[in-house]
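One-letter residues, chain by chain:
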Amino acid sequence: MSAERQELTDLAASVADGAPIDWGTVEESAGTQHDRRLVQHLRLVSSVAELYRSLPADDDASLPEEEAGAFRWGHLVAREGIGRGTSAEVFRAWDVELHREVALKLFPAGAGAASRRQAHVLSEARRLARVRHPNVAAVYGADSDGDRVGFWMEFVRGASLQDVLDRDGPFGAREVALIGSELCGALAAVHGAGLLHRDIKAQNVLREQGGRIVLTDFGTGEEVGAMSRGMAGTPMYLAPEVLRGGEASVASDLYSLGVLLFLLATGRFPIAASGMQDLVRAHAEGRRQRLRDLRPDFPADLAGVIERALSPDPAARYESAGAFDEALRRTLERRPASPVREGRTSAARRLRPSLIPATLAAVVALIVWAGWRHRTATTTTNARIDSIAVLPIADLSGQSPQLADAMTDQLITVLGRIHALRVTSRTSVQRFRGNGHSPTDVGHSLGVRAVLEASLALGDPSPNEPRPVRVNARLLATDTGAQIWGGSFRGVLGDTFALQASIAKGIAESVEAEVTPTEASQLQRRQQTSPAAEEAYFQGRRFLTGVSTENWRRAADAFERASQLDPQFAPAFAGLARADIALGFAGVLTQPEARARALAAATHALELNPDLADAAAALADLQFYYDWNWAGADRSYRRAIDLRPSGPYLRTQYARFLAAAGRLPEALDQAREATAVDPLSALAAVTEGLVHYYARDYASAEAALERALQIDSQSAGAEVVLGRVYDAQGRVGDALRAAQRGLSLTRSAPVDWRAEVVRLHVRAGRVDEARSQVRALQRGKPTPTPENLAYIYLALGDSDRALTLLEDAADQRDPALLWLGVDPRVDPLRGTPRFDALLARLGRPE
């Protein structure tokens with residue numbers, strides 16, 4: 001090629017790259033008329049390119065704040081959200097002073113936490129600003145405006161390497177080496193600034209539209225040599241020493257880069273693991289796939305470079321990012337560039353003169369297309385993850401199965417505070433304990449889009465120090481089984497609430513769930529206590545889920561012990577209130593004693609933590625069952641549900657309250673919500689059946705109760721309520737058999753269930769047998785209440801005696817009367833003056 005032609009092709013390359021050009025000098029040096037025309041064409045193309053480069057992303061650059069949804073923050077105009085997590089939102093924004101597009105990261109406002117948040121944000125911004133390198137996203141500034149703090153940085157328009165890999169498949173060898181070399185340069189700058197990245201992965205590396213590779217997301221970064229507060233990063237990219245609980249280092253960053261290059265070359269990770277526990281075991285057993293086994297065509301020298309970075313021994317890896325880069329570059333020197341894989345400038349310089357006009361047309365088309373794309377591109381995401389099942393946490397150490405169960409329960413509770421997520425209850429997920437259940441199977445059974453798998457390990461105890469605990473977790477999509485998110489979290493016994501809150505934040509951020517300021521505040525609230533108090537609290541939670549009087553006694557004892565060990569531990573007092581209410585209904589405590597004890601505990605819990613859902617629920621139960629304060633109970637139930645929308649107990653209790661209030665459509669909605677978050681719970685199905693029964697929809701009630709028995713064939717409550725449904729349908733024989741089955745399924749049947757069997761004997765015409773059973777009931781302990789006897793006398797046709805007994809029950813403020821307004825068993829009394837007066841005494845809203 002002649003020197004003149006080479007100059008013209010170089011000139012075309014400069015136009016494509018946007019490099020500055022002295023057009024007067026170029027035109028003067030053009031030798032022939034043909035060359036001068038080409039130079040003029042190139043100058044025209046350059047002017048068009050410059051025009052498109054100068055245009056903002058939207059049509060009206062002068063008034064960007066007038067765009068729909070745009071808002072001003074300082075001298076920036078935020079145009080559209082491009083990312084959201086639990087701690088921050090990222091916007092595409094316009095800098096009205098410098099007239100350039102930036103990425104703006106804003107943190108939410110929070111009462112009482114502004115100064116701490118500002119310090120944290122400025123610290124992150126300073127970390128990023130210390131790094132100056134073309135392959136690292138540049139930070140331009142940080143500030144606060146109003147009650148929000150944030151910083152703005154370079155806006156990189158392109159796709160992540162993960163997106164490119166998903167779309168186009170594995171990369172070629174030269175491309176892998178070039179990307180690796182650029183990232184080594186980025187890491188050299190990061191490490192040179194005294195920082196670690198700690199989360200190098202395909203999702204955090206962008207390929208700009210012009211081809212530049214950019215390392216982003218320093219949210220988990222820290223100072224070199226800093227003592228990590230907990231494991232950070234994505235498990236499949238973590239070095240084995242970090243997975244074992246060691247500190248992050250330069251060597252662990254280089255290991256993560258090795259994993260990334262292995263993934264780009266093969267489309268797979270070096271370690272093939274089915275879960276967190278399997279991942280740790282695979283590292284320990286050395287079960288690592290070799291790159292050349294997966295890509296036999298891959299150059300041996302480049303494969304060797306990547307394999308060295310993946311050495312399980314940190315000392316055997318490269319001593320620095322520069323050494324890693326040097327090894328990669330040596331493979332490039334031995335491998336000349338191919339026309340297919342060469343960069344844009346090199347390709348332009350290889351053009352034949354005859355192709356230059358076509359090239360100009362292509363450049364113009366490319367520029368116009370890029371400008372249009374720049375102005376119309378939208379972000380697409382995968383199907384939204386809005387429902388999660390937390391599978392039982394596995395105990396890796398074999399030392400703490402009870403702790404693993406308790407933490408499963410607590411993690412479900414913590415995640416259940418986020419309105420944007422429906423979190424399946426512990427009752428339903430217990431059926432998937434152990435291995436062998438695919439995410440797809442779980443998703444089909446529970447109706448969720450993702451499952452969380454986690455494992456727990458206790459560290460060795462140290463004198464005078466809380467015992468360390470580590471939880472490894474990963475979130476899997478139920479439709480594909482693909483991993484959405486993963487992490488490893490460390491804490492200590494006595495402060496596991498903070499550990500669980502960190503997991504919940506990570507999950508919410510990974511699925512881009514909207515977290516309100518109130519929810520963020522709840523997740524940030526510390527509930528630290530002593531290990532002994534925490535252990536007692538977890539014991540109480542476990543016993544409280546039981547359905548026997550003995551379990552409730554043990555729960556109360558455990559919560560009492562926890563509250564004595566730590567008088568400031570609010571959850572212990574909330575648990576104690578619930579246990580005392582249960583013991584009052586079981587007859588272990590008198591109703592006045594149960595109310596007094598539970599009210600004191602719930603009130604104290606709310607004084608310590610006004611946002612505690614369990615305490616709000618206990619207060620609601622007290623206001624409803626004992627005080628007959630319908631308006632107050634309604635507010636407290638709604639407050640509890642707002643604090644924990646995925647709480648099935650709260651939903652079922654509120655459904656029963658709404659049914660008693662005669663608000664049956666609302667009650668049915670709440671019962672169905674309880675079934676949605678606890679689909680394998682017989683109790684939720686029984687509650688739905690009860691609401692249908694009160695609404696006189698007996699066919700639907702029967703279907704719900706049959707479903708409860710399919711879930712749990714030993715559900716005594718389902719059988720007893722089914723008996724009432726059969727009786728309302730006139731199927732007295734079926735009703736009696738169902739009620740008797742219910743009695744046979746429990747060792748100590750409640751007296752109201754036994755009284756119901758007596759009533760059904762009367763309905764079946766066995767009056768003499770029923771009278772004998774009444775006498776036996778009255779001799780037993782506990783004795784039947786007036787309300788229990790009233791239904792029997794009403795079945796006998798003695799309405800006056802039945803009404804007298806119901807009035808006596810009202811004098812005693814028996815909570816069982818609260819459903820008189822909807823109970824089909826008292827339909828013969830409706831419309832009578834005495835019954836209407838009785839309903840008025842209940843204070844039931846009209």
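Residues numbered from 1 in each chain as written. Predicted model: local features only at pLDDT ≥ 70, side-chain atom pairs only at ≥ 80, totals over all residues. Heavy atoms only, no water.

Draft legend 1. Fine view of the pattern of salt bridges. Counted according to the given criterion, the structure contains 43 salt bridges. Between R290 and E307 there is a salt bridge whose closest N-O contact spans 3.4 Å. Of the two residues, R290 sits in the loop between α9 (276–285) and α10 (291–294) while E307 sits in helix α11 (residues 300–309), which places them 17 residues apart along the sequence. The exposure class assigned to E307 is buried, which follows from its relative accessible area of 15%. With its nearest N and O atoms 2.5 Å apart, the salt bridge here joins R841 to D811. On the criterion of sequence distance, the pair formed by R841 in helix α36 (residues 833–841) and D811 in helix α35 (residues 799–811) is long-range, its members being 30 residues apart. (Salt bridge = Lys/Arg side-chain N within 4 Å of Asp/Glu carboxyl O. Helix = DSSP H or I, 4+ residues; strand = E, 2+ residues; numbered from the N terminus. Buried < 20%, exposed > 50% of the residue type's maximum accessible area, 1.4 Å probe, protein only.)

Draft legend 2. Just the environment of R834, in detail. One can find R834 in helix α36. Put simply, R834 and E807 are 27 residues apart on the chain and 9.1 Å apart in space, counted from C-alpha to C-alpha. Sequence-distant contacts of R834, that is, excluding residues within four places in its chain, are made with D800, L803, T804 and E807. (Contact = heavy atoms within 4.5 Å.)

Draft legend 3. Up close: the packing of helix α30 (residues 716–728) against helix α31 (residues 732–744). Between α30 and α31, whose axes approach to 7 Å, the crossing angle comes to 165°. When the interaxial angle is binned, α30 and α31 end up roughly antiparallel. Handedness of the crossing formed by α30 with α31: left-handed. Taking contact as the criterion, the partners of A716, E719, V720, G723, Y726 and D727 in α30 are, on α31, V732, D734, A735, A738, A739, R741 and G742. Counted by class, the contact of α30 with α31 contains seven nonpolar, two polar and four charged residues. (Axes fitted to C-alpha atoms, helices over the stretch in contact; angles between N-to-C directions. Parallel < 35°, antiparallel > 145°, perpendicular 65-115°, else oblique. Left-handed = near helix turned anticlockwise from the far one by under 90°. Nonpolar A, V, L, I, M, F, W, Y, C, P; charged D, E, K, R; others polar.)

Draft legend 4. Region of interest: the environment of P592. Relative to the elements of secondary structure, P592 occurs in helix α23 (residues 591–608). For the pair formed by P592 and Y626, sequence separation is 34 residues and the distance between their alpha carbons is 8.6 Å.

Draft legend 5. Main features of helix α5 (residues 161–168). Within the span of α5, buried status applies to L161, Q162, V164 and L165. With its buried residues spanning 160° around the axis, α5 presents them on a single face. More than 90 degrees from the buried face of α5, the exposed residues found are D166 and R167. Next to the buried residues of α5 lie β7 (158–160), α6 (173–192), β9 (205–208), β10 (213–215) and α8 (250–266). Just downstream of α5 lies G169, where phi reads positive at about 85°. (Arc of directions from axis to C-beta.)

Draft legend 6. Looking closely at the nonpolar core. Formed by 154 residues in total, the largest nonpolar core has its most connected members in L452, I503, F624 and L820. When residues of this core are assigned to their parent elements, the largest contribution, nine residues, is made by helix α24 (residues 613–626). For I503, the residues in contact, after removing those within four places along its chain, are L411, L452, V471, W485 and F489. (Core = buried A, V, L, I, M, F, W, Y, C linked by side-chain atoms within 4.5 Å.)

All we've got here are geometric facts, nothing functional implied.
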